[in-house]
Amino acid sequence: DEGSVPIRLDRYCIDGQIFRRGNAKDAPAAILIDISGSMSLSAEEIESVCEAAAGKAIVATYCGYNGGGELKIVAKGLRRAPNDQLGPRWGGNAIDGPALKWLAKQKGRRVWWSDGIVTGKNDITKEAIRAASRWAMGNGIIRLAYASQVISYLRNPDSVQPCGVPEVARLG
């Protein structure tokens, strides 16, 4: 495709992308993936984003459960977690706020792959969490809703229209 030295010869048969992209400032530095149950993601979707992000971005997943949650780095540089560790946990959104704060601290472009259902601890909706997500999006974090959008964004950031500010979940 382009570049001076083929770095990823292992990708020749997969997608032909054997050169590293040279314009790092246009590639996202971090991708945060909401793997809560409402996202209904498959491990294959997460894997496709990790593959597209190889060498371009750090990829983290997060999910809340039991009043807490977990944010896990699943890809960084050319390394990534095994496929069996990429799948969704089918939990809740209890840690949206802390996860977005982590993303806001990352350098460069930042992408939040989420359906926009934002809640707080124990999945009780909090207006403060919505305000935090608005703040994050107002500070350079863009929200995308589908794997295909994230992959397109990795290839060409100007080709994708970001989603708006998420709505607060109405529970019970």
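What you see is a predicted model; the values in this text were computed from it and never measured.

Notes on the overall build of the chain
Of the regular secondary structure elements, the chain holds four helices and six strands. Traced from its N-terminal end to its C-terminal end, the chain shows the element sequence β-α-β-β-β-α-β-α-β-α. The buried share of the chain, taken over its 172 residues, is 42%. Of all intrachain contacts in the chain linking residues separated by at least 6 positions in sequence, the fraction that spans at least 24 positions is 68%. Approximately 9,200 Å² of the chain is accessible, and the part contributed by carbon and sulfur atoms is 51%.

Concerning helix α2 (residues 96–105)
Burial runs high along α2: seven of the ten residues are buried. Those residues of α2 not exposed but buried are D96, G97, A99, L100, W102, L103 and A104.

Here we look at the pattern of salt bridges
A full pass over the atoms with the stated rule returns two salt bridges. Residue E47 pairs with R80 through a salt bridge whose shortest N-O separation is 3.5 Å. Within this pair, whereas E47 is found in helix α1 (residues 43–53), its partner R80 is found in strand β4 (residues 79–80), the two being separated by 33 residues in sequence. With a relative accessible area of 23%, E47 lands in the partly exposed category. Take R80: its relative accessible area is 30%, and that puts it in the partly exposed class. Among the ionic contacts, a cluster of salt bridges with common partners joins E47, E51 and R80.

Digging into the pairing of strand β3 (residues 68–76)
One ladder, built from seven bridges, connects strand β2 (residues 58–65) with β3; its direction is antiparallel. Across the sheet, V59 pairs through a bridge with A75, a residue of β3. Connecting the antiparallel pair β2 and β3 is a turn made up of two residues, with N66 showing a positive phi of about 50 degrees. Here β3 pairs with β4 via two bridges, running antiparallel. Across the sheet, A75 pairs through a bridge with R80, a residue of β4.

Let's talk about the environment of L144
When you line up the elements, L144 lands in strand β6 (residues 141–144). Between the alpha carbons of L144 and C163 there is a distance of 5.6 Å; along the sequence they are 19 residues apart. With near-sequence residues (within four places) excluded, L144 lies in contact with V111, W112, W113, S114, Q149, V150, Y153, V160, Q161, P162 and C163.

Quick notes on the packing of α1 against helix α4 (residues 147–155)
Orientation of α1 relative to α4, taken along the N-to-C sense of each, is 5 degrees, at an axis distance of 9 Å. One element, α1, and the other, α4, form an angle in the roughly parallel class. Across from E45, S48, V49, A52 and A53 in α1, the residues of α4 making contact are A147, V150, I151 and L154. For the contact of α1 with α4, the residue count by class is seven nonpolar, one polar and one charged.

What counts, and at which threshold
- Residues numbered from 1 in each chain as written.
- Predicted model: local features only at pLDDT ≥ 70, side-chain atom pairs only at ≥ 80, totals over all residues.
- Heavy atoms only, no water.
- Helix = DSSP H or I, 4+ residues; strand = E, 2+ residues; numbered from the N terminus.
- Buried < 20%, exposed > 50% of the residue type's maximum accessible area, 1.4 Å probe, protein only.
- Contact = heavy atoms within 4.5 Å.
- Areas by Shrake-Rupley, 256 points an atom, 1.4 Å probe, with all protein chains shown as cover.
- Salt bridge = Lys/Arg side-chain N within 4 Å of Asp/Glu carboxyl O.
- Pairing = 2+ DSSP bridges.
- Axes fitted to C-alpha atoms, helices over the stretch in contact; angles between N-to-C directions.
- Parallel < 35°, antiparallel > 145°, perpendicular 65-115°, else oblique.
- Nonpolar A, V, L, I, M, F, W, Y, C, P; charged D, E, K, R; others polar.

Function-wise, these values are silent; they only describe arrangement.
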